[in-house]
Amino acid sequence: MKKVLALVVALVLVLSFTTVAMAEDTVKIGVFEPASGDSGAGGKKEMLGMQYANQETPTVEIGGETYKVELVYSDNGSDSAKAVSAASKSLVSDGVSIVLGSYGSGVSMAGGDVFAAAGIPAIGISCTNPNVTLLCDYYWRICFLDPFQGSVMANFAAEKGCKKAYVLTMLGEDYGNGLGYYFTDAFQKLGGEVVSETFPEGTSDFSAYLNNAVKAGCDVIFAPVSIAYSTQLVSQAASLNVGIPFLGSDTWDDNMVLQAAKGTSVQAFVSTFYAEGGNKTFDDGIKAYINGNADAKTTNGGDDTISAVTAMGYDAYYVALEAIKAAGS
């Protein structure tokens, strides 16, 4: 709670010196998320939480007056180059007051310079790379950081008796490479050995990488990659009968990964922001929302399993409202 209050106070300072975009009694909140590309599935689920929160609380009180809250969407395409255009043309030019997102640290960093230049504060939801906020004074976040996440996963592996880890990341991808580094650093300090490899974007056949992990005699595979790649890794590990358990980062906490592992012998242990069952009121509400909306259910992967990033998107929406109310502008 103290961390949330501190975030609200910090955002108030920015909003107090920022012209809050209001037209016809409307406040615009920018949604800077990937609706396409490798991280599209995660971005949509993050947006799902915001959409549910917006339906639940569609207005905000500012200076004693009630304003409608409008969500303005911009697809950053899971691509750092596209993110700059998505931030400037679709959000800054549309006069949003504050931005939520993004799923993906690389695109968040790319958009950060644009938001800072425009004087618009942004709240990161699940972008765990420390550089998102270190490199931009206008970016905050509600999630834990990768040095913490990497250390927790390394300690978990060591406690389970793992001596040698295989770390697989996507070449040039900020999130995965950063988290891979923090895991490696922590695991080696605990006396573990690490074998690392990277794969190029667009890879669909991971058999060589999985076989390399087996040949190297690794006890665990740590793969901080997108939902799209993690499901492929699980499916292919099952068909190859790899037998090495996976350690998954926060991106692995997704029903699509669960579906890929269902009925197989693959073991996966993941870090997460929120686990279903943590708050009954929220769980019941979001499930009713998903089951009552065909588009929402499709977005959620066809069932009502609650994704951690959906809960995070929900929380971030309310943090934004509290900051706007406290600024009173």
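Parameters at a glance
Going along each chain's sequence as written, the residues are numbered from 1 onward. It should be noted that, the model being predicted, local features are given only for residues of pLDDT at least 70 and side-chain atom pairs only at 80 or more, the latter also being counted only at that level, while totals for whole chains, interfaces and linings use all residues. Only hydrogens and water are set aside when side-chain values are computed; all heavy atoms of the structure are taken into account. The helix and strand labels rest on DSSP assignments: H or I over at least four residues marks a helix, E over at least two residues marks a strand, and numbering proceeds from the N terminus. This radius of gyration counts C-alpha atoms alone. The globule rule is 2.2 Å times how many residues there are, raised to the power 0.38. Under the scheme applied here, a residue whose accessible area is under 20% of the maximum for its type counts as buried, over 50% as exposed, and between as partly exposed, the area being computed with a 1.4 Å probe on protein chains only. Two residues form a contact once any of their heavy atoms are found within 4.5 Å. All accessible areas in this document rest on Shrake-Rupley with a 1.4 Å probe, and a residue is counted as covered only by the protein chains that are shown. By the counting scheme adopted, Arg and Lys are positive, Glu and Asp are negative, and His together with the chain ends is not counted. We put the charge of a Lys on NZ, of an Arg on CZ, of an Asp on CG and of a Glu on CD. In this analysis, strands are considered paired if DSSP registers two or more bridges between them. For helices, the axis comes from a line fit to the C-alpha atoms of the stretch in contact; other axes are also lines fit to C-alpha atoms, and the angle between any two N-to-C directions lies between 0 and 180 degrees.

Student: Help me understand the overall build of the protein, please; the structure alone is not making it clear to me.
Tutor: Counting secondary structure elements, the protein contains 13 helices and 11 strands. Against the globule reference of 20 Å for 329 residues, the protein gives a C-alpha radius of gyration of 20 Å, in line with a compact fold. For the protein, the spread of C-alpha atoms along the principal axes amounts to about 65 × 40 × 35 Å. Within the protein, buried positions represent 52% of all 329 residues. A fraction of 71% describes how many contacts in the protein between residues 6 or more apart in sequence connect residues 24 or more apart. Of the roughly 13900 Å² of accessible surface on the protein, a fraction of 52% belongs to carbon and sulfur atoms. Computing the positive centroid from 19 side-chain charges and the negative centroid from 35, the protein places the two 5 Å apart.

Student: Explain the sheet that holds strand β8 (residues 193-199) here, please?
Tutor: One open sheet holds the 5 strands; their spatial order is β8-β7-β9-β10-β11, and the pairing between them is parallel. At either margin of the open sheet sits one strand with a lone partner, and together these are β8 and β11 (268-270). Between one strand axis and the next, the sheet turns by 25° as a mean value, whatever way the strands run. Note that strand β7 (residues 164-170) and strand β9 (residues 220-222) share 3 bridges and pair parallel. Pairing of V167 across the sheet is with F222, part of β9. Across the sheet, helix α9 (residues 227-240) lies against β7, β8 and β10 (246-248), angled at about 170° from β10, the strand it touches most.

Student: Honestly, unusual backbone geometry in this entry has me stumped. Any pointers?
Tutor: Backbone geometry follows two general trends: most residues other than glycine have a negative phi, and most peptide bonds adopt the trans configuration. Between G101 and S102 the backbone carries a cis peptide bond, its omega angle lying at 15°. Along the chain, S102 turns up in the loop between β4 (98-100) and α4 (105-118). Positioned with a positive phi, S78 is a non-glycine residue whose angle comes to about 60°. Structurally, S78 is set in the loop between β3 (65-75) and α3 (80-92). You can call S78 partly exposed: its relative accessible area is 23%. One non-glycine residue, N241, lies in the positive phi region at around 55°. The topology assignment puts N241 in the loop between α9 and β10.

Student: What exactly am I supposed to notice about the sheet that holds strand β6 (residues 139-141) here?
Tutor: An order of β2-β3-β1-β4-β5-β6 is seen for the 6 strands of this open sheet, with the pairing classed as mixed. Edge positions in the sheet fall to β2 (59-62) and β6, since each of these pairs with one other strand and no more. Strand-to-strand, the axes of this sheet are offset by a mean angle of 35°, without reference to chain direction. Both β4 and strand β5 (residues 122-124) contribute to a ladder of 2 bridges, which runs parallel. By the bridge assignment for β5, L100 is matched with I123. Seen against the sheet, helix α13 (residues 308-327) touches β1 (26-33), β2, β3, β4 and β5 and runs at an angle of roughly 20° to β2.

Interpretation note: all reported values are geometric properties and have no functional meaning in isolation.
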